[in-house]
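The chain contents come next:
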Amino acid sequence: MPADLDPRLLRAFLAVAEELHFTRAAARLHVAQQVLSRDVRRLERELGTDLFVRTTRQVTPTADGERLVPYAREVLQAQDALLSAFGQARPLLVDLNFPDQVTARRVLYLARELAPQYELMARYESGLTGAAGELLAGRLDASFGRFAGLDPALRAGLDHQPVRYEPMAVVLPEDHRLAALPQVPLAALAGESVYAGAGNPRTPEWTDLARLLFEGRGIEIAPPVPLAVGDEEFRRIMAKTRKPILAVVDFPAMPGTVLRPLIEPVPLSLVSLVWRKGLVHRGFDALRRAAAQLSAAEDWLRKPVDGWFPAIDSSLIRGHN
């Protein structure tokens, strides 16, 4: 057995063990596949055992490979903590969902002010479900969204910190029958078909929230539309469908539309900061502090008297407190 191991070899091993694919693991680590394969082979030689069964179709950890995974994670987390303590931390990758997400962006910007010595880099995964897999695989560090809307199997490997009850709104074509109202009562949407991301594999937590909100109110969820990538394509597709869009009050302006808050009751989307369990990074500590400071300063976690949000969200936030 070697006297010590290069953490780089453990990082290569863990990437392959989590991706079960050498090409994807190499892309995740930003190295050539040949370099990754060489590092894994070197680790196998140093440990004196095969860590993977390789075929032309798949890569599967051996029993020794499975046994090594928790040790590799522990060592790499300790290394990250050590580097962070001496200001040498890797960049913290923070998913904001999309560029105009006001809550997430403000938290990230404040965290950068609180910890300017660390690099906090924005990513845009378009939805929390889409980001959750990246979090669990270690390709992202943190994201924002409706934690209660995730599949329980995803939630099991993640943790969260409630940040804000975002009041919800509806985006309407300028000539829609409700566009002249300053606020739209939910009852006024009865008979409408409202777009809420149905069919988008990255945002089922949002569609689920819409389903719970519309239930018993005579409002339908609009059927899936072609999946649009980027703001410009989304706006083009929505302009063609002319469907009302379920949104939040900070949703960015779209040409030819108006944004109207929803009332009676005021529906709320509980936004949480979400991360994989066991994450250690000084920049992440700043991100959590920024979220807590803004929540307190802006009163983001105060519910309106007539506020509505699902029971499952309520149970999760009670469990967090």
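Heads up: these notes are all about the structure in this document. (Residues numbered from 1 in each chain as written. Predicted model: local features only at pLDDT ≥ 70, side-chain atom pairs only at ≥ 80, totals over all residues. Heavy atoms only, no water.)

### Focus: the side chain of R260
No. 1: Turning to its location among the elements, R260 is positioned in strand β11 (residues 257-263).
No. 2: In this structure R260 is buried but unpaired, with E174 as the nearest side chain of opposite charge at 8.7 Å.
No. 3: At 3.0 Å, the side chain of R260 forms a polar contact with the backbone oxygen of A179.
No. 4: A polar contact is formed between the side chain of R260 and the backbone oxygen of L181, at a distance of 2.7 Å. (Helix = DSSP H or I, 4+ residues; strand = E, 2+ residues; numbered from the N terminus. Buried < 20%, exposed > 50% of the residue type's maximum accessible area, 1.4 Å probe, protein only. Lys, Arg positive; Asp, Glu negative; His and termini not counted. Salt bridge = Lys/Arg side-chain N within 4 Å of Asp/Glu carboxyl O. Polar contact = N/O pair within 3.5 Å; in protein donor to acceptor, adjacent residues only side chain to side chain.)

### Details of the environment of R282
No. 1: Within the element layout of this structure, R282 appears in helix α10 (residues 282-298).
No. 2: Among the residues examined, R282 registers a relative accessible area of 39% and is labelled partly exposed.
No. 3: C-alpha separation for the pair R282 and R90, spaced 192 residues apart in sequence, amounts to 10.0 Å.

### Here's the deal with helix α8 (residues 204-214)
No. 1: For α8, the full list of buried residues reads E205, W206, T207, L209, A210, L213 and F214.
No. 2: Just downstream of α8 lies G216, where phi reads positive at about 75 degrees.

### Re the pattern of salt bridges
Pairing is possible between side chains that carry opposite charge, provided their charged atoms lie close to one another.
No. 1: Considering all chains together, one arrives at 24 salt bridges under this definition.
No. 2: Residue E233 pairs with R236 through a salt bridge whose shortest N-O separation is 3.0 Å. Residue E233 and its partner R236 are located together in helix α9 (residues 231-241), separated by three residues, close to a single helical turn.
No. 3: Between D299 and R302 there is a salt bridge, with the nearest N and O atoms lying 2.9 Å from each other.
No. 4: One salt-bridge network, in which partners are shared between bridges, spans R146, D208, R211, E215 and D313.

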